[in-house]
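# A look at the structure
Single-letter residue listing:
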Amino acid sequence: MRAGRFVGNRGRDGHVVHQWPFDFVRRDLTFVTFCHVRAFVQLIMQVCICSLRGISLDESPARVHLPPMATLIDLTPSGRKHRHPEKQARPDTPVLRKPDWIRVKAPTSAGYAATRDIVKSNGLITVCQEASCPNIGECWEKKHATMMILGDVCTRACSFCNVSTGKPTAGVDADEPRRVGDAVAEMGLEHVVITSVDRDDLEDGGAMHFVHVIKAIRTASPGTTIEILTPDFLRKDGWENKVIDARPDVFNHNLETVPRLYLKIRPGARYFHSLRLLQKVKDRDPSQFTKSGLMVGLGETKEEVMQVMDDMRSAGVDFLTIGQYLQPTRKHAAIDRFVTPEEFKALEEIARAKGFLMVSATPLTRSSYHAGEDFALMRAAREAKLAGLPA
């Protein structure tokens, strides 16, 4: 007799009585039990997955539909999304312990609070906050804030930057230039830095908005010198000329890193296009100061940094800033190493020898760090050079 087959025995009346072999019954019961267990496990897993979606450590909204018995703890701010959605699938990068020369104190001064209140009351955005600048406490205490125009969502996805990325849903705020001008006047700034997110979605890349902001500051605070830190206006067909013709006192555009690392660190930009933009400013208006910055600690070599210095000087750049790259999150580019203060000092000496009017090279240097004081020094250096005096 083979297992699993019906077997017939004849009863008293001569009819066949069907019997079920014991081994088949056992296997059938095992199969039924397995199906029930599998269905139960699947149900448990489904509930667990839904719960994990609700208990989220990122900034995406949790919308989960579960039976009434389930209780969720929603740890995400309502209505907010990932700051960097394109980076979420990337593996975490290691975070190095910061050396003593990188550490800064938390901002607690009255001056910091006053600047924060002015920025908030005028409905403005600052790159100090959006980019998590380590110098925010020191700068805001002195009422130095870098205004960020054209919204807070950038269309690029640079692997070093902490500004939110994505497709902007809002257009251009036509009232923003007035509010920026009012804030500059209210803070009594002698020098102001205006920057923006990249707006590849706009036909002019935001160029005319820069022009309107510059004009508004000139009207509200005529004595304030204006420094702009612009995007690259890549594929914007000459709109950058409108910004140059608005005649800011300083035209800043950062090269950020060496050409070899562009695809990894600044994939949406082109090194030689950025360099050409800085050269175009000098070609169109030689009286404008030009400025550019580099981050170090990303894996570049000293020779590569020196080559970028030469490229900048060929484009007529007056002011060079060099600072330590600091990793915003584990999803951003990893720090290769911390450059020592002694190495920064050596880079500053090399840059000055190459002919830059002004060089700022320290671990905490950022584009707008001490911008007002450095502008005054740069202007004095140009005047001395024109007069034939030693620097």
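Residues numbered from 1 in each chain as written. Predicted model: local features only at pLDDT ≥ 70, side-chain atom pairs only at ≥ 80, totals over all residues. Heavy atoms only, no water.

Moving on, we get to the environment of Gly206. Looking at the element boundaries, Gly206 is found in the loop between β7 (191-196) and α6 (207-220). Residues contacting Gly206, with those up to four places away along its chain left out, are Leu150 and Phe233. (Helix = DSSP H or I, 4+ residues; strand = E, 2+ residues; numbered from the N terminus. Contact = heavy atoms within 4.5 Å.)

Inspection of every chain in the model, using the stated rule, returns 21 salt bridges. Ionic pairing is found between Asp201 and Arg199, a salt bridge with its closest N-O pair at 2.8 Å. Between Arg337 and Glu343 there is a salt bridge, with its nearest N and O atoms 2.9 Å apart. Relative accessible area serves as the criterion here: at 35%, Arg337 is assigned to the partly exposed category. On the accessibility criterion, Glu343 (30% relative accessible area) is partly exposed. One salt-bridge network, in which partners are shared between bridges, spans Asp173, Asp175, Arg178, Arg179 and Asp182. (Salt bridge = Lys/Arg side-chain N within 4 Å of Asp/Glu carboxyl O. Buried < 20%, exposed > 50% of the residue type's maximum accessible area, 1.4 Å probe, protein only.)

Summarising the element assignment, Thr321 is placed in strand β11 (residues 319-324). Classification of Thr321 as buried rests on a relative accessible area of 5%. Dropping the residues within four chain positions of it, Thr321 is found in contact with Lys291, Ser292, Gly293, Leu294, Ser360, Thr365, Arg366 and Ser367.

This part is about the packing of aromatic side chains. For the coordinates displayed, the defined rule picks out three aromatic pairs. With a centroid separation of 5.6 Å and an interplanar angle of 90 degrees, the aromatic rings of Tyr262 and Tyr271 are classed as edge-to-face. Each of the two residues, Tyr262 as well as Tyr271, counts as buried. Ring plane angle 85 degrees and centroid distance 5.8 Å describe the contact between Phe289 and Phe375, whose orientation is recorded as edge-to-face. Placement of Phe289 in strand β10 (residues 289-296) and of Phe375 in helix α12 (residues 371-386) is noted, with a sequence separation of 86 residues between them. For the pair Phe289 and Phe375, a shared accessibility class is recorded, and that class is buried. The lysine or arginine in question, Arg313, covers the ring of Phe356, its NZ or CZ lying 5.5 Å from the ring centre. Above the ring of Phe289, the side-chain terminus of Arg382 is found at 3.6 Å from the ring centroid. (Phe/Tyr/Trp six-rings, centres within 6.5 Å; stacked < 30°, edge-to-face > 60°. Lys NZ or Arg CZ within 6 Å of the ring centre and 35° of its normal.)

A word on the packing of helix α5 (residues 176-187) against α6. When two helices pack together, their arrangement is given by the angle between the helix axes and the distance between those axes. Closest axis-to-axis distance for the α5/α6 pair is 8 Å, and the angle between their directions is 35 degrees. Crossing geometry of α5 relative to α6 is assigned as right-handed. Between α5, through Glu176, Pro177, Arg178, Val180, Gly181, Asp182, Val184 and Ala185, and α6, the contact on the second element is made entirely by His209, His212, Val213, Ala216, Ile217 and Ala220. Residue composition of the contact of α5 with α6, grouped by class: eight nonpolar, three polar and three charged. (Axes fitted to C-alpha atoms, helices over the stretch in contact; angles between N-to-C directions. Left-handed = near helix turned anticlockwise from the far one by under 90°. Nonpolar A, V, L, I, M, F, W, Y, C, P; charged D, E, K, R; others polar.)

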